[in-house]
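A closer look at the structure
Chain by chain, the residues run as shown.
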Amino acid sequence: MQKISILYDDEKQIFHISNNKISYIMELKENTLLHRYWGHTLQYYTGCNCTEPVKRTFAASYNQQNPLFSLEIEPQEFSCPHQGDYREPSISVRQQNGCTIGRMKYQYYEITDTLHIPEGLPHIREMKQKAAKTLAIHFLDMVSNIKLILYYSIVEDSAVIIRSAQIINQGNQSVWIDRAFSTLIDTNYQKQQLITFYGTHQKEFRINRQEIQHGIFSIGSTRGASSPQYPPFAAICMPETTEHSGEVYAFQLIYSGNHCVSVERNQYNHLRVAMGINPEDFCWKLLPNESFQTPQAILIYSNMGLNGMSQEFHKLYTERLFPTQWAKQKRPILLNSWEMCYFDVSEQKMIDVIKQAAKIGFELVVLDDGWFGHRNNSKSSLGDWTVNTEKFPNGLTTLLKCAEENGIQFGIWFEPEMISPNSILMKSHSDWYMQMDGYTPLLSRNQLVLDLTQKEVQNYIIETLSNFIKQYPISYIKWDMNRHITDPNSLYLSQDSKGEFFHRYMLGLYHILQELTTQFPNILFENCSSGGGRFDAGMGFFMPQTWCSDNTDALDRQAIQYGASYLFPLSAITAHISAVPNHQTGRNVPFATRAAVASSANMGYELNILELSSEEKELIMTHLSEYKKEREFLFYGEFYRLCSPFTDGNCAWMIIDQEKTRAIIYYFIREYDVSALSYILKIPYVDCQKNYVEKNTNRYFTGEELIYAGIAINTIKGDFPVIILELNEKK
Ligand code: GLA
C-alpha cells in the first residue's frame, strides 16, 4: 500500500484520501460535494454508510429529475446560503447587485504531490523526507464567475487532513466576502459530545465537555487575538471517549486572530462543524482577478482517545509547524526578571543577576519589561524601543559583555504591536494607531494598538527590531501582546474595505514575524500575550514556545498545562518556578511540586535569585543539574495525561520514551483526604510485554499489571504534594 494516496473513482465519483492512519471520503453528486466518511483507514469504500434518500416536505431541490436530492439533507463539505440548506453556511459572497452567489457547481479537480501553502499565512510545512499530497477541488458560480477551491492535504504517517479554501473573482465586478470558513463537515449525530476550551487571563485552557443539543453552539473571538477566552479548537468525541480510548475528531485553526467554531445539530439530527475566520466584523472586498485564501484548519482523527489526539498534534507541530531549526533544538534554561524585579530593573541589578544565574546553572537571562524609554510602570514608552540610559547607562553593552564573560545567553522583552499615548512615537505618528473617526480610542493596560495594516508601521517594527538586534546581539526575544483590540480601524482603509481590518492586521503581523524570524533564525522567539492569550498554532509557526500563563502558581498551572497539552507538546509550553507565597494566588506550593510542574514543560525560573538562602540556592542548583540530565528525555518523550484536575480531583501525567523503556510519572495530590487510603493509577502507556522497576522504591511490576491493575499511590499529608515515580525497564 502507498504511504499516502488520493484516488478518484470516476464511475462512482468518489474521492478517497488516505494514509496508514486515516481515510477521508467525499462523493460528487449533482455537481456538489458530499461528505461520506472520515476516520480510521478504509481499504475500500462501498458507500455502506449512505442513507437512502427520504422525501422531506419543504426540501428544495436543484434538479427536478431528482427531487429527493436537497442540500437541506445532504452531508456537505462547504455550504453557501440560499440554496435550500438552512444550516449555517461556510462561504458567503455578495455581488454588487446585493444578491449572494447562489450555485457553486463542481468543475474539476487536481492532485499534486506537495502541500498547498496559503500565501502570507502560517501553515503546515513540507518535509523533504516525507511525502505529502493535495487534492484541490474547483467549483464555479456561473452567474457571478466566482470560483471556489477547496484544498485537502494529507501527509505521511499522521492522522491529519489539512483543509483550506480559496475564493477567486473571475468576474468583472467587485464582490464582498461576508464569510469564508476554512472547513465544514456534516455527519450524522450519534450522541457525540463537544469539547472546547474557555478561560481568561491567568486561567487559560479550561476544558469544557458537553452534550450537543439541537441548535447552534459556537465559540469564537472578536478580540483581534485568538484569546484565552475561546482558543480556536473543538473536538467531537463519543460519550465513552476517555483520555485513553475512543474516537475523537479534532479541529484547530492555524490562525491567531478573530475566529469562530460553530457546531450545529439540526432537525434531522445531522451534525455540522464549521471553523474559520469569524464572520462578525469581517467583510472582504474582492476585486476582479483577486483571490482570498483562508487560514488552514487542522483535522485530526484519533481512535485512541484524547491522548491519541494530542500525540498527533504534538508530532505534527514538532515536525511540521514550529520553525524547523528550533523544533527539536534543546532550549536554554532561562531566568526571567519579571517576578523578580517587575519594572524595577537596572544595569547593576542585572549584572548581579547574570553573575549569580551563571553560578547557579542557568543558561539564559531574560530582561523583561521596564528596560526602555522611561518605563517605570505600564503607563509609558511602548513604541520607544531605546534603552533607558538612567537604568542602563551603557545601553545593553555592559550586560551583554557580562553575559558573555559568564558563559550565559541574554534575551529581552518587547511588545512591538503597542504604543503608549505619551510615547515619542505617538508624537511623531499620530496616525499609526487604531482609531475610529471622531471617537477617543479606548485604553487597555494604558496602551493603544498600532495599526499593523499599514505597510509603514510594519516596516517600522521590522526595522526597529532588526536594528536593535544588530546593535545588541541578543539570543532571545519575548514577544508580548498585552491587550485586546478596540476601535478596529485604519485611517487608510477605504470605506468599503473597513471589514478587512482585523484580517489585514493578522496579515501585517504575520509579515513582520516572517521577516524577523527569517532574518534572525538563531534568535529564540517566545510568544506571549499576558501569558497564553494568543497561544495558537498560528503563532507557533514563528515561535516555538509560548509563555502559557501569567499564573505561575503550581497548583493552578497543573490545570492550565493539562489543557494546553491537548494541543501543544511540552517543548512549546513554558513554565517557570516562581517564589512562594505565589504572587498571583498567595499559595504556598512546596518546591518539589513547583519543580515537577515546571520540569514537565519547557522549564525556567522567575524569582529573585539575589535573595536566596544558602539552602534555597543549593536546592535550585541541584534541581538545575538534575534537570539538565533529564531534559532530552523530558523534551522528546511522549507525554500522556493520566488523571484530570478537572474531573478526577488530582492531576497526573507521564513522559515515556518511544521504546517504552523508561517513564516518569508525576502524580499531584490536591489536598490531603483523611478517608482516602490510596489512589489507583492505571498506566496504559507502558509496554505490556516489558517489566519495570520503580527507581526510588525498587518495587518491581509487570507492564501488564501497570496497564490493567494499576499502581497504588499512597496518600501524603500536607498541601499540594507530588509523587514522582520513575519506571525503568528490567531486562
Ligand atoms: C505580560 C507578560 C508577563 C510580563 C509582563 C510585562 O503580562 O505575560 O510575563 O512580561 O507582561 O509587562
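Predicted, not measured: the structure shown is a model, and the values here were computed from it. Along each chain, residues carry numbers from 1 onward, in the same order as the chain's sequence is written. At least 70 in pLDDT is required for a residue's local features to be given in this predicted model, at least 80 for side-chain atom pairs to be given and counted, and no such filter applies to totals for whole chains, interfaces and linings, which use all residues. Hydrogen atoms and water are omitted, and side-chain values are computed over all heavy atoms in the structure.

**As for the site of the ligand**
Note on terminology: near, applied to a residue and a molecule or strand, indicates that one of the residue's heavy atoms is within 4 Å of it. Surveying the vicinity of the ligand reveals 13 residues, the closest of which are D368, D369, R445, K478 and D550. Whenever a nitrogen or oxygen atom comes within 3.5 Å of another N or O atom, the pair is scored as a polar contact, on the condition that within protein one atom can donate a hydrogen and the other can accept it, and that pairs from neighbouring residues in sequence are kept only if both atoms are in side chains. Side-chain polar atom of D368 to an oxygen atom of the ligand: 2.6 Å apart, as the coordinates give it. Side-chain polar atom of D369 to an oxygen atom of the ligand: 2.6 Å apart, as the coordinates give it.

**Description of the domain arrangement of the protein chain**
These domain limits were set by an automatic method or by a database of domain assignments. Per the domain assignment, the segments of the protein chain are domain 1 (4–321), domain 2 (325–633) and domain 3 (642–729). Here the C-alpha centroids of domain 2 and domain 3 sit 35 Å apart. Between two residues, a contact is recorded if the distance between any of their heavy atoms is within 4.5 Å. Facing 18 residues of domain 2, the contacting portion of domain 3 comprises 21 residues. The term buried area refers to how much accessible surface (probe radius 1.4 Å) is lost by two components on association, counted for both of them together. Buried surface at the junction of domain 2 and domain 3, both sides included, amounts to about 1600 Å², of which 74% is carbon and sulfur. Any carboxyl oxygen of Asp or Glu that lies within 4 Å of a side-chain nitrogen of Lys or Arg is treated as forming a salt bridge with it. Summed over the shared surface of domain 2 and domain 3, the result is one salt bridge. Two residues, E630 and R662, come together in a salt bridge whose shortest N-O distance is 2.6 Å. If you look at where domain 2 meets domain 3, you find four residue pairs in polar contact (both at pLDDT 80 or more). Per the convention used, a helix needs a DSSP run of H or I reaching at least four residues, while a strand needs a run of E reaching at least two, with both numbered from the N terminus. When contributions to the side of domain 2 that touches domain 3 are tallied by element, the ones reaching two or more residues are α10 (554–564), α11 (591–599) and α12 (614–636). Taken together, the residues of the side of domain 2 that touches domain 3 sort by class into 10 nonpolar, six polar and two charged. Three classes are used: nonpolar for Ala, Val, Leu, Ile, Met, Phe, Trp, Tyr, Cys and Pro, charged for Asp, Glu, Lys and Arg, and polar for all others, with Gly counted as polar.

**Some points on the sheet that holds strand β4 (residues 32–40)**
One key point about sheets: their strands pair by backbone hydrogen bonds, in either a parallel or an antiparallel sense. An order of β1-β2-β3-β4 is seen for the four strands of this open sheet, with the pairing classed as antiparallel. The strands lining the two open edges of the sheet, one partner per strand, are β1 (4–9) and β4. In this sheet, neighbouring strand axes are inclined to one another by 15° on average, regardless of whether the strands run parallel or antiparallel. The sheet contact formed by strand β2 (residues 14–19) and strand β3 (residues 22–29) spans five bridges and is antiparallel. Bridging across to β3, H16 finds its partner in I25. In short, DSSP must find at least two bridges between two strands for them to pair. To get an axis, a line is fitted to the C-alpha atoms, and for a helix only the part in contact is used. The angle between two axes follows their N-to-C directions and goes from 0 to 180 degrees.

**Side note on unusual backbone geometry**
Peptide bonds are mostly trans, and most non-glycine residues show a negative phi. Following V580, the chain continues into P581 via a peptide bond in cis, with omega recorded as -5°. Topologically, P581 is positioned in the loop between β29 (573–578) and α11. Positive phi is not limited to glycine here, since Y342 has a value of about 50°. Tracing the backbone shows Y342 in the loop between α3 (338–341) and α4 (347–360). Between buried and exposed lies partly exposed: a residue is buried under 20% and exposed over 50% of the maximum accessible area for its type, with that area taken using a 1.4 Å probe on protein chains only. On the accessibility criterion, Y342 (31% relative accessible area) is partly exposed.

**Considerations on the side chain of K391**
In this fold, K391 is placed in the loop between β22 (364–367) and α5 (397–405). Among buried Asp, Glu, Lys and Arg side chains, K391 stands out as unpaired, with D344 the closest opposite charge at 6.2 Å. Among all residues touching K391, those that are not within four sequence positions of it are F343, V345, S346, E347, G370, R375 and N376. Asp and Glu are treated as the negative residues and Lys and Arg as the positive ones, with His and the ends of the chain left uncounted.

**Notes on the nonpolar core**
Among the nonpolar cores identified, the biggest contains 198 residues, and F362 and W371 are the most heavily contacted of them. For this core, the element with the highest residue contribution is helix α8 (residues 501–519), accounting for nine residues. Filtering out sequence-adjacent residues up to four positions away, F362 remains in contact with I333, L334, L335, A357, I408, Y605, I609, I620 and L624. Within this scheme, the nonpolar core is defined by two criteria: the residues are buried Ala, Val, Leu, Ile, Met, Phe, Trp, Tyr or Cys, and they are joined through side-chain atoms within 4.5 Å. Counting residues in hydrophobic clusters, the runner-up holds 25 residues, among them Y640, I656, I711 and L727.

**Details of the packing of aromatic side chains**
When two rings of Phe, Tyr or Trp (its six-membered ring) have centres within 6.5 Å they constitute a pair, described as stacked for plane angles under 30 degrees, edge-to-face for angles over 60, and tilted for the intermediate range. For the structure on display, the rule yields 46 aromatic pairs. Relative to Y317, the ring of F313 has its centre 5.6 Å away and its plane inclined at 50°; by these criteria the two rings are tilted. In this pair, F313 and Y317 are both assigned in helix α1 (residues 305–320), four residues apart and thus about one turn of the helix distant. Owing to a relative accessible area of 0%, F313 belongs among the buried residues under this scheme. When the ring of Y562 is compared with that of F646, the centres are 6.1 Å apart and the planes differ by 70°; the resulting orientation is edge-to-face. Taken together, the positions of Y562 in helix α10 and F646 in the loop between β31 (638–643) and β32 (651–656) put the pair 84 residues apart, joining distant regions of the chain.

**Details of the pattern of salt bridges**
Side chains bearing opposite charge may pair, as long as their charged atoms lie close to each other. The final tally for this structure, using the stated rule, is 32 salt bridges. The partner of R87 in a salt bridge is D186, and the shortest N-O contact between them spans 3.4 Å. Here R87 is found in the loop between β4 and β5 (91–94), whereas its partner D186 is found in strand β10 (residues 175–188), with 99 residues between them in sequence. Residue R87 shares its accessibility class with D186, and that shared class is buried. Close ionic contact of E319 with K315 constitutes a salt bridge, the shortest N to O distance being 3.8 Å. With E319 and K315 both in helix α1, this residue pair falls four residues apart, about one helical turn. Note on E319: relative accessible area 28%, which makes it partly exposed. K315 gets classed as partly exposed once you look at its relative accessible area, which sits at 27%. What emerges from the salt-bridge pattern is a single network uniting D85, R87, D186 and R272.

**Examining the packing of α10 against α11**
Look at α10 against α11: their axes get within 9 Å of each other, and the N-to-C directions meet at 20°. Considered as vectors, α10 and α11 are oriented roughly parallel to each other. Of the two possible hands of crossing, α10 and α11 adopt the one that is left-handed. Every residue of α11 that contacts α10 at A554, R557, Q558 and Q561 is listed here: T593, R594 and V597. Small angles under 35 degrees read as roughly parallel and large ones over 145 as roughly antiparallel, with 65 to 115 read as roughly perpendicular and the rest as oblique. For a crossing to be left-handed, the near helix must be turned anticlockwise from the far one by less than a right angle; the clockwise case is right-handed.

**Let's talk about empty space enclosed by the protein**
Think of a 1 Å grid over just the protein atoms. A cavity is a set of points where a 1.4 Å probe fits yet cannot get out, a pocket is an open set with protein on both sides within 12 Å along at least five of seven lines, and lining residues have an atom within 4 Å of a point. Grid points are joined across faces, edges and corners, and a volume is the space filled by probe spheres set on the points. Tallied over the full model, the rule gives six cavities of 30 Å³ or more. Estimated volume of the largest cavity: approximately 80 Å³. What lines the largest cavity is simply T32, L33, Y62, L71, Q76, E77, F78, S79, C80, Q83 and M104. Considered class by class, the residues forming the lining of the largest cavity number six nonpolar, four polar and one charged.

**Points about the environment of L706**
Mapped onto the elements of the fold, L706 is located in helix α13 (residues 703–708). Taking the C-alpha atoms as reference points, L706 and D687, separated by 19 residues in sequence, lie 9.2 Å from one another. With sequence-adjacent residues up to four places away left out, L706 is seen in contact with L681, K682, I683, V686, Y692, F701, I711 and L727.

**Remarks on the pairing of strand β12 (residues 203–211)**
Note on strand geometry: in a regular strand, side chains alternate between the two faces of the sheet. Bridging between strand β11 (residues 193–200) and β12 involves seven bridges; their strand directions are antiparallel. Considered in β12, the bridge of F197 is made with I207. In sequence, β11 turns back onto β12 through a hairpin of two residues, with Q202 there showing a positive phi of about 70°.

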